[in-house]
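Each chain, written out:
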Amino acid sequence: MRGDWIPGILLYLFMVLPWFIAVQRRNPTFFHEFIIGHNIERYTSDLYKHHQPFYYYLVVLVIGLMPWTALALRALWDGFQISIAEWKVRSHPQRYLGHIRPGDAFPEFLVLWALFPIVFFSFSGSKLPGYILPSIPPIAILTGDYLFRTRRSGMQGWLLYAHAALTGFLTFVILLCPQYMRYQRIIPSPGWLAVAAILGVLAAALVIFVVRRGGVVHIRTITLVPLVGLMFFLLVKYGDLLDRNYSARPLAREIAEKAPQTPVVATLDVRRDMVYGLAFYRNQDVLNYATDGVPPGAHVLVIPTHEAPQLQQLLQGRLYQPLFLDETKGLSVYQVYPRN
């Protein structure tokens, strides 16, 4: 029976409850910290300072699906229409027997799967992009199904142009990323801007030309051509620059080299992702001046360079010396000696 979902819930509980019970017995604070703190309180409040506007996940979805956004949203809308037809088939079978997919509940399942995380987490008090990752697989499946069904009839002209424009725009933006990472400027040099614009237009024109000549069946392959090139460009050619800008690994490695005898690391006003990265690569907790106070013993301090003049007041006469400057991240690293 379609509504016979109780055995499924019982099977789910049978599979997962033993793990939760074992973890709770081993860690008595697990239920409060994980279930209450990181689920209920995270959803109902801004306890972890991740507040975003209600429409936040619409923006995340549009960016996260690039360059397939136009096709994916069209496929999602198509799946929604098929779902409505499926509901009508169940309600009035005789009236909708001519529908192209009568009684097919799979699109309905995919649409519900895609929309539920987006709608559910839009009401959350804390929002992070990864919360709606479960929506991406069903949208991808709907997109693949939509392309398969339109391979003979052809794609609407506006949809092809929109997809090509997004492919060109993504090419343009990614080609400008190294300039931003290197010089921290939104507007790059005129020469690089011109090259990125020309290659973006060529990527869009390539998609339109191949699909018009060869049909919808080639749209996936031809879209991957610029994307693979962009991945090589960004990760292989400029991987080191990407690492130095957005990863804590180089910072953790240099701290280990410059202060091998000082295990304690503290931060002040450093980006949260960088703090988490330092904790990961050093395999230890990283202290925070703002919440944990200034450690009395020797430690390494990571602080934004523009806040370094505050150190004399923060450390109240304690000795400290600069270890190195991470210009890419705008951070200064100091060795702070023990009190007295």
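We now turn to the structure provided with this report. (Residues numbered from 1 in each chain as written. Predicted model: local features only at pLDDT ≥ 70, side-chain atom pairs only at ≥ 80, totals over all residues. Heavy atoms only, no water.)

### Quick look at the packing of helix α7 (residues 157-183) against helix α8 (residues 190-214)
In contact at an axis separation of 8 Å, α7 and α8 are set at 150° when each is read in the N-to-C sense. Comparing their axes, α8 and α7 come out roughly antiparallel. Helix-helix and strand crossings are classified by hand; for α7 and α8 the assignment is right-handed. Among the residues forming the contact of α7 with α8, the class breakdown is 17 nonpolar, seven polar and one charged. (Axes fitted to C-alpha atoms, helices over the stretch in contact; angles between N-to-C directions. Helix = DSSP H or I, 4+ residues; strand = E, 2+ residues; numbered from the N terminus. Parallel < 35°, antiparallel > 145°, perpendicular 65-115°, else oblique. Left-handed = near helix turned anticlockwise from the far one by under 90°. Nonpolar A, V, L, I, M, F, W, Y, C, P; charged D, E, K, R; others polar.)

### Considerations on helix α3 (residues 56-64)
Inspection of α3 places Tyr-56, Tyr-57, Val-60 and Leu-61 among the buried residues, and these make up the whole buried set. Buried positions in α3, seen along its axis, are confined to an arc of 130° and lie on one side of it. Projecting away from the buried face of α3 at angles above 90 degrees are the exposed residues Leu-58 and Ile-63. Check the buried side of α3 and you find it contacts α4 (69-91), α5 (106-122) and α6 (136-149). (Buried < 20%, exposed > 50% of the residue type's maximum accessible area, 1.4 Å probe, protein only. Arc of directions from axis to C-beta. Contact = heavy atoms within 4.5 Å.)

### Describing the sheet that holds strand β1 (residues 265-267)
Spatially, five strands are ordered β2-β1-β3-β5-β4 in an open sheet, and the strand pairing comes out mixed. In this open sheet, the two strands that pair with only one neighbour each are β2 (287-288) and β4 (320-326). Relative to β4, helix α11 (residues 249-258) is tilted by about 145°, and along the sheet it contacts β1, β3 (299-304), β4 and β5 (331-336). (Pairing = 2+ DSSP bridges.)

### Some points on the layout of surface pockets
In this model, the largest pocket occupies a volume close to 250 Å³. Thr-267, Val-270, Arg-272, Val-275, Tyr-276, Ala-279, Asp-285, Val-286, Asn-288, Thr-291 and Asp-292 together form the lining of the largest pocket. Mapped onto the lining of the largest pocket, the elements with two or more residues apiece are α12 (272-282) and α13 (289-292). The greatest single-element share of the lining of the largest pocket, amounting to four residues, is contributed by α12. Size it by volume and the second largest pocket reaches roughly 210 Å³. Lining the second largest pocket, in full, are Gly-64, Leu-65, Met-66, Trp-68, Ala-72, Ile-136, Ile-139, Ala-140, Thr-143, Gly-144, Leu-147 and Arg-220. Here the lining of the second largest pocket gets six residues from one element, more than from any other, and that element is α6. Partitioning the lining of the second largest pocket into residue classes produces eight nonpolar, three polar and one charged. (1 Å grid on protein atoms, 1.4 Å probe; cavity = no way out; pocket = protein on both sides within 12 Å on 5 of 7 lines; lining within 4 Å. Points joined across faces, edges and corners; volume = space filled by probe spheres on them.)

### Topic: the pairing of β3
Here β3 lies mainly inside the structure; six of its six residues are buried. With burial as the criterion, each face of β3 is covered, one bearing His-299, Leu-301 and Ile-303 and the other bearing Val-300, Val-302 and Pro-304. As paired elements, β1 and β3 share three bridges and run parallel to each other. Residue pairing in the sheet places Thr-267 in a bridge with Val-302 of β3.

These values are about where atoms sit, not about what they do.
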